[in-house]
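# Per-entry structural report
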Amino acid sequence: DGGITQSPKYLFRKEGQNVTLSCEQNLNHDAMYWYRQDPGQGLRLIYYSQIVNDFQKGDIAEGYSVSREKKESFPLTVTSAQKNPTAFYLCASSRGVREKLFFGSGTQLSVL
Amino acid sequence: DQQVKQNSPSLSVQEGRISILNCDYTNSMFDYFLWYKKYPAEGPTFLISISSIKDKNEDGRFTVFLNKSAKHLSLHIVPSQPGDSAVYFCAAGTSGGSNYKLTFGKGTLLTVNP
């Protein structure tokens, strides 16, 4: 079955630690996205990538970094500079820009 | 600056009745709109979309209406079923420009009571 896989489902971060959230898709989609969901805040765009080796900052990119070395993979690193990392993180992909998004099942990140 | 607004945080309806979820937007450049449904601890799933050249799009029990002059769209679910209970997000995008992204509203929690 084609889809988007996010791992892990739950992740805990210690103070000063960088953590990386995995996102893999086998839909052959060109575009990939990272969103953050906070209670009552909806979905906010962190980073997106329209093509391999290229990515753009979204609305709340500070404290995060990404890479897009392969079409299938778009990992997100939450750095120690992100002071409020506790949230539900969603990865998505689409065939191209202006196409509907397909979402993964999310990663809940919490701070110890 | 919230460009996509869902002013009702929650909505409760009886099974079999109509559910109407509303969404307003402020950016006149938006010309493509989508509705997503989300269960707790899961990713959103696509429901239905509409482009600005249309004022209505229907898919089974789901219909989306677009009023461009009012910058308003709504999602109608008829008849509502308990399995429809979820958070519904409205999203908007533009079909022009080199950098594309969807802007989401904060969501409306729909509860359908048996």
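These remarks concern the structure in this document. Just so we're clear, the structure is a prediction, and the values are computed from it rather than from any experiment. (Residues numbered from 1 in each chain as written. Chains lettered and ligands numbered in written order. Predicted model: local features only at pLDDT ≥ 70, side-chain atom pairs only at ≥ 80, totals over all residues. Heavy atoms only, no water.)

## Focus: the overall build of chain A
In terms of helices and strands, chain A carries zero helices and 11 strands. Written out in order from the N terminus, the α and β elements of chain A read β-β-β-β-β-β-β-β-β-β-β. For chain A, whose C-alpha radius of gyration is 13 Å, the value lies close to the compact-globule estimate of 13 Å for 112 residues. Counting only contacts in chain A whose residues sit at least 6 apart along the sequence, the fraction spanning at least 24 positions is 53%. Accessible area of chain A: about 5300 Å², with a carbon and sulfur share of 46%. Placing the 13 positive and 11 negative side-chain charges of chain A at their respective mean positions leaves the two points 3 Å apart. (Helix = DSSP H or I, 4+ residues; strand = E, 2+ residues; numbered from the N terminus. Rg over C-alpha atoms; globule rule 2.2 N^0.38 Å. Contact = heavy atoms within 4.5 Å. Areas by Shrake-Rupley, 256 points an atom, 1.4 Å probe, with all protein chains shown as cover. Lys, Arg positive; Asp, Glu negative; His and termini not counted. Charge placed at Lys NZ, Arg CZ, Asp CG, Glu CD.)

## Examining the interface of chain A and chain B
Each partner contributes residues to the interface: chain A has 22 residues there, and chain B has 22 residues. Contact with chain B buries area across many residues of chain A, yet L43(A), R98(A) and K100(A) alone supply 33% of it, more than any other trio. Here chain A is connected to chain B by zero salt bridges. Our count for the chain A to chain B interface comes out at four residue pairs in polar contact (both at pLDDT 80 or more). Mapped onto the side of chain A that touches chain B, the elements with two or more residues apiece are β4 (31-38), β5 (42-51) and β9 (87-94) of chain A. The element that contributes the greatest number of residues to the side of chain A that touches chain B is β5(A), accounting for five residues. Residues of the side of chain A that touches chain B, tallied by class, amount to 10 nonpolar, eight polar and four charged. (Buried area = accessible area lost by both parts, 1.4 Å probe. Salt bridge = Lys/Arg side-chain N within 4 Å of Asp/Glu carboxyl O. Polar contact = N/O pair within 3.5 Å; in protein donor to acceptor, adjacent residues only side chain to side chain. Nonpolar A, V, L, I, M, F, W, Y, C, P; charged D, E, K, R; others polar.)

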